[in-house]
Structure formats: structure tokens, C-alpha cells
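Reading the structure
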Amino acid sequence: MHAEMAYMARDPEARADIKRWFPEARTVVFGAFSYLIDSPNNPSDSDGRLARYAQPPDYHDTLKNIMREAAAWCTHEWPGTSAKVFVDTSPVLERLYARFAGLGWVGKNSMLLARTGSYFLIAGMALDRDLEPDAPVTDHCGSCTRCLDVCPTDAFPEPRVLDASKCIAYFTVEHRKKPIPEEFREGHGNWIFGCDLCQDVCPWNRFAPKSSVFESRLPLHMNLEELAALDPTSFNKRFKGTPLRRTGWAAVIRNVLLAMGNSKNSRHIPTLQRYAEHEDAILAEQARWSLERIDKITA
Ligand code: B12
Ligand code: SF4
Ligand code: SF4
């Protein structure tokens, strides 16, 4: 259930077997890095919401650097050892390996989850050397179903299985060059980048520690009108070094226009009217849908 993320279907055997990617691999070492910085505080209905992982600067470089330092330590400590580092980009089923490495269990929301919650990112390295493995962690979801119940787009066909083609995190971040399908638009609420609903309700996240490696680059809420006023150049400048830059102006503005419609706030009507005439057909259509939604609500 990959939606249209082509890279996910690439080389499936290597993803499941790390030795196809690094034949000498004997051990996989994982790090978990909390990205919890702030908590959302009373957004107004003129604000859009960002997922917590989008707050720090794009995490790939930070985590790669930390793991490279760890790899350098290993090769210095054990001469002749080779190590390969990976963060998202390599063709490895990272969560599966991280689970076997004892970092946590797979929660019903499909996140890797520990007694200290799930607000962490993972990064790994493979070594051509045997190390004593940690024991896998047992499942502590019990009879809880909060994450399954809260998902506004019904993205869990069963516990622990995510249908990415229904997930707000997928639509707002990865589904860039197409409109958001109508059936999911209302469910998006005010999310403009990612979604944390199925984590925010998880009782284990009450124990989540604050990040010690990431600093805040963006707030969790951003004013929709200010975002809609950005053009591609000012957008790229404003979001340089953040994950919003990779998703790009057109897709983020599409998300902003959708959030304006869902806000039910008539103050967004002039901006939506302007975008309804935009040369980008996806933005124009989204603006018209949102205008119609506000009209219906305010009538
Ligand atoms: C593509 C991708 C997405 C896609 C699709 C996600 C998906 N589940 O398939 C989209 C865009 C939707 C997405 C969303 C998010 N993502 Co993402 N994503 C990835 C990426 C790049 C690949 C994931 C992948 O291969 N999926 C395919 C499935 C088959 O594999 P899997 O999910 O890794 O592992 C599953 C199987 O092994 C299976 N499994 C294992 N054991 C068991 C046992 C049982 C009993 C069962 C039934 C299943 C099962 O369940 C595992 C967990 O889902 C990874 C990085 C990476 N390379 O792994 C980050 C990653 C998974 N994402 C991450 C994050 C933070 C998020 C978001 C929270 C971001 C946000 N706030 O918007 C959301 C969470 C949505 C959710 N509830 O899962 C983190 C998760 C960290 C963690 N603690 O788990 C990762 C690991 C990135 C990282 N470097 O840390 N993501
Ligand atoms: S991230 Fe949001 S849309 Fe995706 S599964 Fe979780 S609650 Fe549902
Ligand atoms: S909300 Fe409940 S069911 Fe979902 S992951 Fe957390 S503990 Fe498990």
C-alpha cells in the first residue's frame, strides 16, 4: 500500500534483506532520535498545522552525520571493520530492522513505539562484524485502539497496517503534482504538512522525552494568509533547509488553500478568489472547492 511512491517498490528484495545491499553485513545498529520540541498551543482558525517532525531542519543530514561519527568510532575501535550508514534513502526496510534491534514494538498506528513514545526518527548502520544483539521489545498496545479510532481518513485497514494512499501525511508531503482526492479533503482539517493525530492520542507519548539533537526551525502552526502570500521565490527562501522546501511551493499552497476551506472562516474568501483564477489548474480547482465549502458553511 505504497500509494504512488515509486521508490518504495524499487528493489524489494534488498529492502527485506540487507545483505543484498551490503553483502558483508553481520550486524545492524540503530539509533532513535527524539524530535519532540514544542507542543501545539491553541491554534486560531487562521492557522495551518505542521507535523512535529517538520519542526527541525531536514533531519537526514543531522542523523547521517551522527551515524557517520558512530561508524567512525566502530572502525577505529575495531580495525578492519567496515560500516555503511543509512537514513531513509537506502533501500532497507528500516522499521522492520529497528524492531528486531530492540528499539520498540510496531504500534497499531504502524509506528515504531517504545515506552518513551514514538516521536523519534531512526537511523542505522550495518557492520561486517558480529555484536551481541539486544532482545526485541514486547508489544504494549494491549486493548487500546485510540490511534485507529482517531484517523480521519480511515487509513488503517487493520491494526499495524497503513494504507499510504489514504494518509494525510502522504497527501500533504508526497502527493505533489495532483489534486487531493475530494473524498479525503474534509478529513485533512488544518493539516498543511504531515499529520500527527495517530501519535498525539497515543498514551505512551505522554512519556516522550524532548529532543537533544534537533533545534526548532519552524513553529507547529503557521498563519494561512501569510503562507498564501508567498510566491515560489519567497517560499524557497523562507523554507530553505526544511522539509517543506522539498515538497515545494505548489503542493504546500494547495494544502494551505484546502485548510482555508476547512477553517470555515470567511476572511479567507479574497485570497481563495485570487487563487481560483490561478494559472495552475490544481490550485485554481482547490481554491474553488474551498470557496464553495466556506459559502456552504457561512450561508
Ligand atoms: C514512505 C514512508 C512514509 C509514507 C508511507 C509510510 C508507510 N507506513 O508505509 C508516508 C508518507 C505515509 C509516511 C508517513 C509518516 N512517516 Co514515514 N517513512 C517512510 C519511509 C521512507 C519508508 C517506509 C516503508 O518502507 N514503508 C513500507 C512498509 C511495508 O514498511 P515499514 O512501515 O517500514 O515497516 C512495517 C513492516 O515491517 C510491518 N511490520 C513489522 N513488524 C510487524 C509485525 C506485525 C504483527 C505486523 C502486522 C506488521 C509488522 O509494519 C512495519 C511498520 O509499519 C520510512 C523510512 C524507511 N526507510 O523505513 C519513513 C518513516 C517510517 N516515517 C517516519 C515518520 C516519522 C512518519 C510520520 C510520523 C510523519 C508525519 N508526522 O507526518 C508519518 C506516520 C504515518 C504512520 N502512521 O505511519 C519515521 C517513523 C519513525 C517511527 N518511530 O516509526 C520513518 C522510519 C523515518 C525515519 N527515518 O525515522 N512515511
Ligand atoms: S498520520 Fe494522520 S492520516 Fe495518517 S494514519 Fe495517522 S491519523 Fe491517519
Ligand atoms: S494509541 Fe494505543 S493502540 Fe495506538 S499505538 Fe498507541 S498504545 Fe498502541
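Read on for an overview of the structure. (Residues numbered from 1 in each chain as written. Chains lettered and ligands numbered in written order. Predicted model: local features only at pLDDT ≥ 70, side-chain atom pairs only at ≥ 80, totals over all residues. Heavy atoms only, no water.)

**A short note on helix H11 (residues 249-263)**
Here H11 contains 15 residues, and its C-alpha end-to-end distance of 21 Å stays within 8% of the 21 Å for a straight helix at 1.5 Å per residue. Of all the 15 residues making up H11, 14 are buried; the element is thus mostly covered by neighbouring parts of the structure. Immediately downstream of H11, the backbone of Lys264 shows phi near 65°, a positive value. (Helix = DSSP H or I, 4+ residues; strand = E, 2+ residues; numbered from the N terminus. Expected span 1.5 Å × (residues − 1). Buried < 20%, exposed > 50% of the residue type's maximum accessible area, 1.4 Å probe, protein only.)

**Let's talk about the packing of aromatic side chains**
Within this structure, the stated rule accounts for twelve aromatic pairs. Ring geometry for Tyr35 and Tyr119: centres 6.1 Å apart, planes at 65°, overall edge-to-face. With a gap of 84 residues between them, Tyr35 in the loop between strand E1 (27-34) and strand E2 (47-50) and Tyr119 in the loop between strand E5 (112-113) and strand E6 (120-127) connect regions that are remote in the sequence. Across the pair, Tyr119 and Tyr35 agree in class, each one buried. Consider the rings of Phe171 and Phe184, whose centres lie 5.3 Å apart with planes at 35°: the pair is tilted. Of this pair, Phe171 sits in helix H5 (residues 168-173) while Phe184 sits in helix H6 (residues 182-185), and the two are 13 residues apart along the sequence. Ring pairing ties together the aromatic residues Trp21, Phe22, Phe30 and Phe86, which thus form one cluster. Against the face of Tyr119 rests Arg52, its NZ or CZ located 4.5 Å from the ring centre. Taking the ring centre of Phe100 as reference, the NZ or CZ of Arg99 above it sits at 5.1 Å. (Phe/Tyr/Trp six-rings, centres within 6.5 Å; stacked < 30°, edge-to-face > 60°. Lys NZ or Arg CZ within 6 Å of the ring centre and 35° of its normal.)

**Thoughts on the nonpolar core**
Core analysis: the largest hydrophobic core is formed by 29 residues, its most contacted members being Leu50, Phe239, Leu244, Val256, Leu257 and Tyr275. Listed by contribution, the elements that provide at least two residues to this core are strand E7 (191-193), helix H8 (224-228), H11, helix H12 (269-276) and helix H13 (281-298). Per-element tally for this core: the top contributor is H11, with seven residues. Apart from residues no more than four positions distant in its own chain, Leu257 is found in contact with Leu272, Tyr275, Leu283, Gln286, Ala287 and Ser290. With 18 residues, the next largest nonpolar core counts Ile37, Leu63, Leu121 and Ala123 among its residues. (Core = buried A, V, L, I, M, F, W, Y, C linked by side-chain atoms within 4.5 Å. Contact = heavy atoms within 4.5 Å.)

**A short note on the packing of H11 against H12**
Two numbers describe how H11 lies on H12: the axes approach to 11 Å, and their chain directions differ by 135°. Judged by the angle between their axes, H11 and H12 are oblique. As H11 packs across H12, the resulting crossing turns out to be left-handed. Here Trp249, Ile253, Leu257 and Met260 of H11 come into contact with H12, specifically with Thr271, Leu272 and Tyr275. Taken together, the residues of the contact of H11 with H12 sort by class into six nonpolar, one polar and no charged. (Axes fitted to C-alpha atoms, helices over the stretch in contact; angles between N-to-C directions. Parallel < 35°, antiparallel > 145°, perpendicular 65-115°, else oblique. Left-handed = near helix turned anticlockwise from the far one by under 90°. Nonpolar A, V, L, I, M, F, W, Y, C, P; charged D, E, K, R; others polar.)

**Regarding the sheet that holds E6**
Spatially, the three strands line up as an open sheet ordered E1-E6-E3, and their pairing is antiparallel. Either end of the sheet is taken by a strand with one partner, and the two such strands are E1 and strand E3 (83-86). Here the average twist between neighbouring strands, direction ignored, is 20°. Pairing of E3 with E6, which is carried by four bridges, proceeds in the antiparallel orientation. What sits directly across from Lys84, in E6, is Ala126. (Pairing = 2+ DSSP bridges.)

**Brief notes about the sheet that holds strand E8 (residues 221-223)**
In space, the three strands of this open sheet follow the order E7-E2-E8, with mixed pairing throughout. In this open sheet, the two edge strands, each paired with only one partner strand, are E7 and E8. Between one strand axis and the next, the sheet turns by 45° as a mean value, whatever way the strands run. Sheet topology places E2 next to E8; three bridges connect them, and they run antiparallel. Residue pairing for E8: Gly48 is matched across the bridge by Met222.

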